[in-house]
Amino acid sequence: MNSFRARLTFIMISMIAISVFAAGMLMMKTFKENHINALEDNMVRQMKVIAAKMDWHKGDDLGSMTSYYTMEAKELKTYTDARVTFIRSDGVVVGDSDYDASKMDNHLDREEVIDAYMQGTGRAVRPSETMNQNMIYVAIPVEINTGQEPYVLRLAMSLQEVDQSIGRLTMVLIGGLLILFVIAALISYRIAQSLTGPLEQITKVAKRIKNMDYRARVKVRKHDEIGELGTAINAMADSLQVQMTRIKQNESQLESVLANMINGVVMIDAKGQILLMNRRAEEVLGFSARELVGRHFTEAKQQYELAQIIQEALDTRRHLREEITFYFPEERLLELNLVPISQSGPGEFGGVLLVLQDVSAIRRLERMRSEFVANVSHELKTPIAAVKGFAETLLGGAVKDEETAKSFLQIIFDESERLNRLIGDILELSKIESRRVPLYFSPVELESFVAKTLTLLEPEARRKNIQLSHSIETGLYVEADEDRLRQIMMNLLSNGINYTPDGGRVSISVYASDQDHIRIQITDTGIGIPKKDLPRIFERFYRVDKARSRSSGGTGLGLSIVKHLVELHKGTLSVTSTVGVGTTFTIELPVIQ
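A brief structural summary.

Criteria and cut-off values
- Residues numbered from 1 in each chain as written.
- Predicted model: local features only at pLDDT ≥ 70, side-chain atom pairs only at ≥ 80, totals over all residues.
- Heavy atoms only, no water.
- Helix = DSSP H or I, 4+ residues; strand = E, 2+ residues; numbered from the N terminus.
- Contact = heavy atoms within 4.5 Å.
- Areas by Shrake-Rupley, 256 points an atom, 1.4 Å probe, with all protein chains shown as cover.
- Polar contact = N/O pair within 3.5 Å; in protein donor to acceptor, adjacent residues only side chain to side chain.
- Expected span 1.5 Å × (residues − 1).
- Buried < 20%, exposed > 50% of the residue type's maximum accessible area, 1.4 Å probe, protein only.
- Arc of directions from axis to C-beta.
- Phe/Tyr/Trp six-rings, centres within 6.5 Å; stacked < 30°, edge-to-face > 60°.
- Axes fitted to C-alpha atoms, helices over the stretch in contact; angles between N-to-C directions.
- Left-handed = near helix turned anticlockwise from the far one by under 90°.
- Nonpolar A, V, L, I, M, F, W, Y, C, P; charged D, E, K, R; others polar.
- Parallel < 35°, antiparallel > 145°, perpendicular 65-115°, else oblique.
- Core = buried A, V, L, I, M, F, W, Y, C linked by side-chain atoms within 4.5 Å.
- 1 Å grid on protein atoms, 1.4 Å probe; cavity = no way out; pocket = protein on both sides within 12 Å on 5 of 7 lines; lining within 4 Å.
- Points joined across faces, edges and corners; volume = space filled by probe spheres on them.
- Patch = residues over 30% accessible without salt bridge, like charges linked within 9 Å, V, L, I, M, F, W, Y side chains within 5 Å.
- Salt bridge = Lys/Arg side-chain N within 4 Å of Asp/Glu carboxyl O.
- Lys, Arg positive; Asp, Glu negative; His and termini not counted.
- Charge placed at Lys NZ, Arg CZ, Asp CG, Glu CD.
- Pairing = 2+ DSSP bridges.

**Considering the overall build of the protein chain**
Turning to step 1, where the next piece is worked out: Along the backbone of the protein chain there are 14 helices and 17 strands.
Turning to step 2, where the next piece is worked out: The contacts of the protein chain with a sequence gap of at least 6 include a subset with a gap of at least 24, amounting to 57%.
Turning to step 3, where the next piece is worked out: When the accessible area of the protein chain is evaluated, it comes to approximately 34,400 Å², of which 55% is carbon and sulfur surface.

Here it is as C-alpha cells:
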C-alpha cells in the first residue's frame, strides 16, 4: 500500500513538475523574444536619429572615409552603448567602433545588410566573427546622394545581458519550482494518505488474519465503498475466528488422541504418500515423521514386507490384517490392520489407514504362560510319580520289610518336601510378580546384616569345605525390607555354595558405588554359566545343569524370585560368568527408597 501511495504522490508531483517546467520554458522563450524585439526596436530608433543628425562624408578616398567614419563610430558608441558599423553601398566597411575596418570582410552578403536593402530594416542574431560572442545585429539603409545606392548603418549589441537576464529568470523559476515541488509533495502525500490510509488498515488486518490473528478488526470510520469493504472484512474475521476455534479444538483432541495411543497410526493417500504418523508409529518403524511424512511409503526401505502389504491394500482397497516380525529398530512382532478410507464421499478412495499394534509382549506372555504350565506340570510330575511309585511298592508288600519300608518312606517324605517347596516357591513368585507382597522398609546396617546371613549358611558351606568370606565397607546403611533382602542374599549365596565344587570359595563384598547407591557383589569359584545361557537364567524353571539342579534340591525359581525382589527395591541385578572359573552377581540398590 505504501507503494501505491508513493506512486500516486509521484504521479501528482510529476504532473505538476511537467506543467511548471513547460510553463517556465514558454515564459523564458517569450521573455527572450520580447526582450530581443524591444532591443531591436530601440536600436532602430537610435539609428534613425543618427542617420538624420549625422553629417555623412562623401568622397572617393577610402582612407580618409575610413578614418572619418571610424571616429564617428567610436563617438556614437559612447552614446548608444552599442557597436556601430558604417557599410558602404558596395559592402565595404568604412568605419567600426570596435574593430579595424580595413581588416574586416565585405559585408554585402550579411543577412542583416541584405534585409536592410530589401525590407528597409535588417535584423540578425549570430556569433560575431570578430567579437567571438553572440550578437544581435540591426541595420538600416541611409540614402547619401539621390540616385545612388544607400549606405548601411548597423548597430550590434551583445546578447550576454539578455542571456544573463534569462539565467536569472531560470534560477527564479527553478527556485519557485522547488518550492512548488515541496508544497505539491506535501499536498499530494496528504491526498494519497487520505485515499490509501483506510486501504492500508484493511491490508494490515487482512495480513493479521492470514497469520491466524482472528481478533484483528478494521476500524470503520466512513460508510463509503471502502467502509463497506472493512465491514465485510470484519464479518469474515468473525466467521473465521469461530471456525478456526472449532478446528483447533478438533485438531487438539485428535493430536492428543494420536499422540497418546498405544498403537501406531499411519495415514497413506491413494498415491502412496504418507500423510500422518503418530509418535508410537515412529517408535515402531524406527523413522521420524519428519523423515517420512510427505514421501512415498516405499522409501522406508528397511520394511520391505510392510511395503508389500501396503501396496496390496492400495491395490485391493479392502481391509487387511497381518502379523509380521520387524527386526528394525528392534525385533518385535506387530499386528497390522490396513483399513481403506474415503476422501470426501462414499465410494471415493482416499488411501489406507495403517494401525500398528505391538503384540510381542502378548505373544511372549502367552508363550511364557504355556511354558510355565508345562514346566509346572513337569516339575510336579516328577515328585508325584516318585511318591506314587514308592507308595504302590509299599502297598504291594514292601511295607513288611522294615528297612525297605523305611527307605521308601524317607524318599516319599523328601519328595513331598520338594513338592512343598516347589508349590511354595510358585505361590511366592506369583505374589511377587503381581506385587501383592507388602514390603516394610527400614534402615538396615549392612555389616552386621551380612555377618548374620553368612552365619546361617556356614553349616552348609562346611559340609562342602567351602570358604565363606566377606568385605563390607563400614558404616553403610540401606533402606530395605530386611526379610526380603536376606531372602535375596540367601538365594544367591546358596546358589554359589551349591554350584561350587568342594574346597571352593564364595565371597560377598558390599560398598558404596556413589552417594545414592550401594553395590553388593556375590562371587563364587563354581562351574560358571555358559554365555548362551546368561540372558535366560532369570527365567522361571530355567536351569543350566538340570541334573545338578534337581540333585541340589533346587526348584528353578530362586533367581526369578531374586530378580523380582530386587526390582521391588528399585534396584538392578546383573551377572557375569566364565565357565570353569566362577560367577559374579551384582546388585545395585538405592540408599533411600
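**Remarks on the environment of Asp 96**
Turning to step 1, where the next piece is worked out: Examined against the element boundaries, Asp 96 turns out to sit in strand E2 (residues 93-96).
Turning to step 2, where the next piece is worked out: With 10 residues separating them along the chain, Asp 96 and Phe 86 place their C-alpha atoms 6.4 Å apart.
Turning to step 3, where the next piece is worked out: Residue contacts for Asp 96: discarding those within four places in its chain leaves Thr 70, Ala 73, Arg 83, Val 84, Thr 85, Ala 101 and Met 104.
Turning to step 4, where the next piece is worked out: A distance of 2.5 Å separates the side chain of Asp 96 from the side chain of Thr 85, its partner in a polar contact.

**So, helix H8 (residues 304-316)**
Turning to step 1, where the next piece is worked out: With 13 residues, H8 should cover 18 Å at 1.5 Å per step; its first-to-last C-alpha distance of 18 Å lies within 8% of that length.
Turning to step 2, where the next piece is worked out: Listing the buried residues of H8 in full gives Leu 306, Ala 307, Ile 309, Ile 310, Ala 313 and Leu 314. Down the axis, H8 shows its buried residues gathered within 165° of arc, on one side only. H8 presents Tyr 304 and Asp 315 as exposed residues on the side facing more than 90 degrees away from its buried surface.
Turning to step 3, where the next piece is worked out: Contacts from the buried residues of H8 go to strand E6 (264-269), helix H6 (279-285), strand E8 (320-326), strand E9 (332-342) and strand E10 (349-358).
Turning to step 4, where the next piece is worked out: Of the residues flanking the end of H8, it is Arg 317, one or two places downstream, whose phi is positive at about 55°.

**A word on the packing of aromatic side chains**
Turning to step 1, where the next piece is worked out: Tallied over the entire structure, the rule returns five aromatic pairs.
Turning to step 2, where the next piece is worked out: Ring geometry for Trp 56 and Tyr 69: centres 5.9 Å apart, planes at 45°, overall tilted. Residue Trp 56 is located in the loop between helix H1 (2-53) and helix H2 (62-80), and its partner Tyr 69 is located in helix H2; the two are separated by 13 residues in the primary sequence.
Turning to step 3, where the next piece is worked out: For the pair Tyr 69 and Phe 86, a centre-to-centre distance of 5.0 Å together with 40° between the ring planes defines the contact as tilted. Of this pair, Tyr 69 sits in helix H2 while Phe 86 sits in strand E1 (residues 83-87); the two residues are 17 residues apart in sequence, bridging distant segments of the chain. With respect to class, Tyr 69 is no different from Phe 86; both count as buried.

**Comments concerning the environment of Thr 525**
Turning to step 1, where the next piece is worked out: Looking at the element boundaries, Thr 525 is found in the loop between strand E15 (517-524) and helix H13 (546-551).
Turning to step 2, where the next piece is worked out: For Thr 525, a relative accessible area of 29% gives the class partly exposed.
Turning to step 3, where the next piece is worked out: Measuring from C-alpha to C-alpha, the distance between Thr 525 and Ile 497 comes to 9.3 Å, with 28 residues separating the pair along the chain.
Turning to step 4, where the next piece is worked out: Excluding its chain neighbours within four sequence positions, the residues that come into contact with Thr 525 are Thr 500, Pro 501, Gly 504, Arg 505, Val 581 and Gly 582.
Turning to step 5, where the next piece is worked out: There is a polar contact of 3.0 Å between the side chain of Thr 525 and the backbone nitrogen of Arg 505.

**Some words on the packing of helix H12 (residues 482-498) against helix H14 (residues 558-568)**
Turning to step 1, where the next piece is worked out: Running from N to C, H12 and H14 cross one another at 145°; their axes reach a closest spacing of 10 Å. For the element pair H12 and H14, the recorded crossing hand is left-handed. When H12 is examined against H14, the residues Arg 484, Gln 487, Ile 488, Asn 491, Leu 492 and Asn 495 are found in contact with a partner set consisting of Gly 558, Leu 559, Ile 561, Val 562, Leu 565 and Val 566.
Turning to step 2, where the next piece is worked out: Among the residues making up the contact of H12 with H14, the classes are represented as seven nonpolar, four polar and one charged.

**Points about the packing of helix H11 (residues 446-463) against H12**
Turning to step 1, where the next piece is worked out: With their axes 10 Å apart at the nearest point, H11 and H12 run at an angle of 40° to one another. Classified by the interaxial angle, the pair formed by H11 and H12 is oblique. Judged by the sense of rotation from one axis to the other, the crossing of H11 with H12 is right-handed. Packed against H11, whose contacting residues are Leu 446, Phe 449, Val 450, Lys 452, Thr 453, Leu 454, Leu 456, Leu 457, Glu 460 and Ala 461, the element H12 presents Glu 482, Leu 485, Arg 486, Met 489, Met 490, Leu 493, Ser 494, Ile 497 and Asn 498 at the interface.
Turning to step 2, where the next piece is worked out: Among the residues forming the contact of H11 with H12, the class breakdown is 12 nonpolar, three polar and four charged.

**Quick notes on the nonpolar core**
Turning to step 1, where the next piece is worked out: Judged by nonpolar contacts, the single largest core of 40 residues is most densely connected at Leu 446 and Ile 520.
Turning to step 2, where the next piece is worked out: Elements with a contribution of two residues or more to this core: H11, strand E13 (477-481), H12, strand E14 (505-512), E15, H14, strand E16 (572-578) and strand E17 (582-590).
Turning to step 3, where the next piece is worked out: If near-sequence neighbours (up to four positions away) are discounted, Leu 446 is found in contact with Ile 472, Leu 476, Val 478, Leu 485, Val 510 and Ile 518.

**Section: empty space enclosed by the protein**
Turning to step 1, where the next piece is worked out: By the definition in use, this model includes one cavity of 30 Å³ or more.
Turning to step 2, where the next piece is worked out: Estimates place the volume of the largest cavity at around 90 Å³.
Turning to step 3, where the next piece is worked out: Only E6 and H8 provide two or more residues apiece to the lining of the largest cavity.
Turning to step 4, where the next piece is worked out: In terms of residue count, the dominant contributor to the lining of the largest cavity is H8 (three residues).

**With respect to a negative patch on the surface**
Turning to step 1, where the next piece is worked out: On the surface, Glu 305, Glu 312, Asp 315 and Glu 322 cluster together into a patch of negative charge.
Turning to step 2, where the next piece is worked out: Among the elements that line the negative patch, the one with the most residues is H8, at three residues.
Turning to step 3, where the next piece is worked out: Turning to its location among the elements, Glu 305 is positioned in helix H8.
Turning to step 4, where the next piece is worked out: For Glu 305, a relative accessible area of 44% translates into the label partly exposed.

**Some points on the pattern of salt bridges**
Turning to step 1, where the next piece is worked out: Per the stated rule, a full pass over the model turns up 19 salt bridges.
Turning to step 2, where the next piece is worked out: A salt bridge links Glu 335 to Arg 321; its shortest N-O distance comes to 3.0 Å. Taken as a pair, Glu 335 in strand E9 and Arg 321 in strand E8 lie far apart in primary sequence, 14 residues in all.
Turning to step 3, where the next piece is worked out: Exposure remark for Arg 321: the relative accessible area of 47% places this residue in the partly exposed category.
Turning to step 4, where the next piece is worked out: Look at the salt bridges and you will find they share partners, linking Arg 280, Glu 283, Arg 332 and Asp 358 into a network.

**Regarding the pairing of strand E4 (residues 134-142)**
Turning to step 1, where the next piece is worked out: The element E4 is largely enclosed, with a buried count of seven among its nine residues.
Turning to step 2, where the next piece is worked out: Relative to strand E5 (residues 151-158), E4 runs antiparallel, the two being bridged by eight bridges. The residue bridging Val 138 from the neighbouring strand is Leu 155, located in E5.

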